[in-house]
Amino acid sequence: MSNALSNRINSLPVSQTLAMAAKARELKAEGRDIISLSLGEPDFNTPDFIKDAAIEAINQNYNAYTPVDGYVELKEAICEKFKRDNNLTYNPNQIVVSTGAKQSIANVAQVLLNPGDEVLLPAPYWVSYSAIATLCEATYTEIPSSIENDFKITPEQLEAAISPKTKMIFFNSPNNPSGTIYSEEEYRALAKVLEKYPDIYILSDEIYEHINYGTKPFSFAAIENMYDRTITVNGLAKAFAMTGWRIGYIGAPEWIAKACTKMQGQITSGTNCIAQRAAITAVKASPEKVQYMVDEFKNRRDLVLQLLGEIDGFKLNVPEGAFYIFPNISDFFGKTIRGKEIKDANDFSMLLLEEANVATVTGEAFGAPNCVRLSYAASELQLREAIKRIKEVLS
């Protein structure tokens, strides 16, 4: 009965990260010893001080519907966080709390994009950006980059990509899947181009901001003449190991925030009450409280780079944030390994799953068809074993 489904859903691809995770779970259920390096999810527990705040909220009988755009105390805490960490001044009317940063991004796209509008996606980009644009009946144009320039686009590339239909550009720093962080200088150079096009809006996805290894991320909205055109997206999933709590938020021009509240009011309404109360505590906390996770991620990054560097055919750069390695594996294209012809990154990713029992994600899902993404949000034991298996298969 798929012909009875809407064109909207039929045009929507399945999330490759979730699909690979599902495939890995399926093989695990069959008894295969699968090591999954496919999902972008910290392997730490939510810190106790946040869990305690949630328990207190339950004991205080928080159980009613919440305001659509979030508790005012949480929005005030988010304003304080933006000022503390990003040098951004927002008031609570500019904040909307949503069920995860993914909903935040979808809200913004839905309220700004019309059918036929164009979204620019510096590649590699998070898999859901293109799908969200498609859902809005917009088109998207990829701006390619390469591992040689640390997966960053240039102002010249941005200028060349802009068309009369361009309505939005999505920036993501630190980046998923590459771990790239744009410096203030690099963002300001891109902003110089966008100054000439006042009708283009910028979505700045900063969900990984606290997971950085010495290069402090810079918020695009902190560029003076970009503030009124930039929507800053953040959340608690990555830095606070709260993926399942589903708390995301935006800081935006008030008219965009109001539109997002209107949209959300007809879809999910307000976000989970207990998660919001816990989020107040998390957002108010100093980033130092989760530095132990960042330190461990850095150790793992260095380990994975060292081990992958011992395998011929992996081209590597050093990611400055997030918890992913995004090697170029095009040297394997055209080869036959374990009886399987490797034509592209999809074939390579499936080879690792079927022959090494290691789940990764093809770079094609991120607009980078020469790469694969490996998440190092896993224990050192798992990472060592996974790369040992990969080495055995590829040798």
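As the structure is a prediction and not an experimental result, all values here were calculated from the model.

Asker: Help me understand the overall build of the chain in this model?
Answerer: Counting secondary structure elements, the chain contains 13 helices and 14 strands. A compact globule built from 395 residues should have a C-alpha radius of gyration of about 21 Å, and the chain, at 21 Å, falls within 12% of that. Taking the principal axes of its C-alpha atoms as reference, the chain extends roughly 60 × 55 × 50 Å. Across the 395 residues of the chain, 55% fall into the buried class.

Asker: So what exactly am I meant to see when it comes to the side chain of Gln276 here?
Answerer: Summarising the element assignment, Gln276 is placed in helix H10 (residues 273-284). Sequence-distant contacts of Gln276, that is, excluding residues within four places in its chain, are made with Thr66, Gly70, Tyr71, Leu74, Val97, Ile247 and Thr271.

Asker: Before we go on, may I ask you to explain the packing of helix H12 (residues 345-356) against helix H13 (residues 380-394) in this structure?
Answerer: What describes two packed helices is the angle between their axes and the distance between those same axes. One way to put it is that H12 packs onto H13 with a least axis distance of 10 Å and a crossing angle of 105°. The pairing of H12 with H13 is recorded here as roughly perpendicular in orientation. For the pair H12 and H13, the contacting residues are Phe348, Leu351, Leu352, Glu355 and Ala356 in the first and Arg389, Ile390, Val393 and Leu394 in the second.

Asker: Can you help me understand helix H6 (residues 127-135) in this one?
Answerer: Residues that lie three or four places apart on an α-helix share one face, since the helix turns once every 3.6 residues. Across the 9 residues that make up H6, a large majority, 7, are buried. Within H6 the residues assigned to the buried category are Val127, Ser128, Tyr129, Ser130, Ala131, Ile132 and Ala133. Buried residues along H6 sit against helix H2 (16-29), helix H5 (101-112), strand S3 (118-122), strand S4 (139-143), strand S5 (166-172) and strand S6 (201-205). Glu137 occupies a position one or two residues after H6 and carries a positive phi of about 60°.

Asker: Where do I start with the packing of aromatic side chains in this structure?
Answerer: The description of an aromatic ring pair uses the distance of the two centres, along with the angle that the planes make with each other. The final tally for this structure, using the stated rule, is 23 aromatic pairs. Taking 5.6 Å as the distance between ring centres and 85° as the angle between the ring planes, the aromatic pair formed by Trp126 and Tyr129 counts as edge-to-face. Comparing Trp126 with Tyr129 shows no difference in burial state: the two are buried. Taken together through their ring pairs, the aromatic side chains of Phe44, Tyr208, Tyr292, Phe297, Phe323 and Tyr324 make up a single cluster. It is Arg277 that lies over the ring of Tyr71; its NZ or CZ is 4.8 Å from the centre. The residue whose ring lies beneath Lys289 is Phe49, and the NZ or CZ to ring-centre distance is 4.1 Å.

Asker: Whenever I open this one, the environment of Met20 confuses me. Can you help?
Answerer: Within the secondary structure, Met20 is located in helix H2. Separated by 341 residues in sequence, Met20 and Val361 place their C-alpha atoms 6.6 Å apart. Among residues more than four places away in sequence, those in contact with Met20 are Ser38, Ser349, Met350, Leu353, Ala359 and Thr360.

Asker: Explain the sheet that holds S6 here, please?
Answerer: Sheet strands line up and pair through hydrogen bonds in the backbone, either parallel or antiparallel. Pairing within the open sheet is mixed, and its 7 strands lie in the order S2-S8-S7-S6-S5-S3-S4. Two strands lie at the open edges of the sheet, namely strand S2 (95-98) and S4, each paired on one side alone. Within the sheet, the average angular offset between the axes of one strand and its neighbour, ignoring direction, is 20°. Summarising the sheet, S2 and strand S8 (residues 248-251) pair through 4 bridges and their orientation is antiparallel. Residue pairing across strands places Val96 opposite Ile250, the latter belonging to S8. The sheet strands contacting H5 are S2, S5, S6, strand S7 (230-235) and S8, and the helix crosses S7 at an angle near 160°.

Asker: What is the right way to look at the sheet that holds strand S14 (residues 372-375) in this model?
Answerer: Ordered in space as S9-S14-S13, the 3 strands form an open sheet in which the pairing is antiparallel. In the strand order of this sheet, the two ends are held by strand S9 (324-325) and strand S13 (361-362), each with one partner.

Asker: How do you make sense of helix H9 (residues 254-265) when you look at a structure like this?
Answerer: Between its first and last C-alpha, H9 extends 16 Å over 12 residues, near the 16 Å set by a 1.5 Å rise per residue. All of the buried residues in H9 are Ile256, Ala257, Cys260 and Gln264. Seen along its axis, H9 keeps its buried residues to an arc of 100°; they face one direction. For H9, exposure combined with an orientation more than 90 degrees from the buried face picks out Lys258 and Lys262. Along its buried surface, H9 packs onto S2, H5, S6, S7 and S8.

Asker: Teacher, can you tell me more about the domain arrangement of the chain here?
Answerer: How large an interface is tends to be reported as the accessible area lost when its parts come together. Domain assignment breaks the chain into domain 1 (7-45 + 290-394) and domain 2 (63-285). The C-alpha centroid of domain 2 is placed 26 Å from the C-alpha centroid of domain 1. Between domain 1 and domain 2, the residue contacts involve 36 residues of the former and 33 residues of the latter. Interface area, domain 1 with domain 2, both sides summed: about 2800 Å², of which 63% is carbon and sulfur. Interface area lost by domain 1 to domain 2 is led by Asn317, Glu320 and Phe366, which between them contribute 21%. Summed over the shared surface of domain 1 and domain 2, the result is 0 salt bridges. In this structure, the connection of domain 1 to domain 2 is made through 13 residue pairs in polar contact (both at pLDDT 80 or more). Residue classes in the side of domain 1 that touches domain 2 are distributed as 20 nonpolar, 9 polar and 7 charged.

Calculation notes
- Residue numbers here run from 1 along each chain, matching the order of that chain's written sequence.
- A pLDDT threshold of at least 70 governs which residues receive local features in this predicted model, and a stricter bar of 80 or more applies before side-chain atom pairs are shown or counted, although totals over entire chains, interfaces and linings include all residues.
- Side-chain figures throughout are based on the complete set of non-hydrogen atoms in the structure, without hydrogens or water.
- Strands are runs of DSSP state E lasting at least 2 residues, helices are runs of H or I lasting at least 4, and numbering of each runs from the N terminus.
- Computation of the radius of gyration draws on C-alpha atoms alone. For the globule rule, the value is 2.2 Å times the number of residues to the power 0.38.
- Think of it in three bands: residues with accessible area under 20% of the maximum for their type are buried, residues over 50% are exposed, and the middle band is partly exposed, with areas taken using a 1.4 Å probe on protein chains only.
- Here, residues are in contact when the closest pair of their heavy atoms is within 4.5 Å.
- Interaxial angles span 0 to 180 degrees and are taken between N-to-C directions of axes, which are lines fitted to C-alpha atoms, for helices over the stretch in contact.
- Note on angle classes: values under 35 degrees are labelled roughly parallel, values over 145 roughly antiparallel, values of 65 to 115 roughly perpendicular, and the remainder oblique.
- Ring pairs are drawn from Phe, Tyr and Trp, using the six-membered ring of Trp, whenever the two centres fall within 6.5 Å, and their geometry is named by plane angle: stacked under 30 degrees, edge-to-face over 60, tilted for the rest.
- We call a charge positioned over a ring when the NZ of a Lys or the CZ of an Arg lies within 6 Å of the ring centre and within 35 degrees of the ring normal.
- For two strands to pair, DSSP has to find at least two bridges joining them.
- Residue count minus one, scaled by 1.5 Å, sets the expected span of a helix.
- The directions from the helix axis to the C-beta atoms form the arc being described.
- What fixes the domain bounds is an automatic or database domain assignment.
- Accessible surface is computed with a 1.4 Å probe, and the buried area is the amount of it that two parts give up when combined, taken over both parts together.
- A pair is scored as a salt bridge if a Lys or Arg side-chain nitrogen falls within 4 Å of a carboxyl oxygen belonging to Asp or Glu.
- Counted as a polar contact is a pair of N or O atoms within 3.5 Å, where, for protein atoms, one must be capable of donating a hydrogen and the other of accepting one, and residues adjacent in sequence contribute only when both atoms are in side chains.
- Ten residues, namely Ala, Val, Leu, Ile, Met, Phe, Trp, Tyr, Cys and Pro, are considered nonpolar, four, namely Asp, Glu, Lys and Arg, are considered charged, and the remaining ones, Gly among them, are considered polar.

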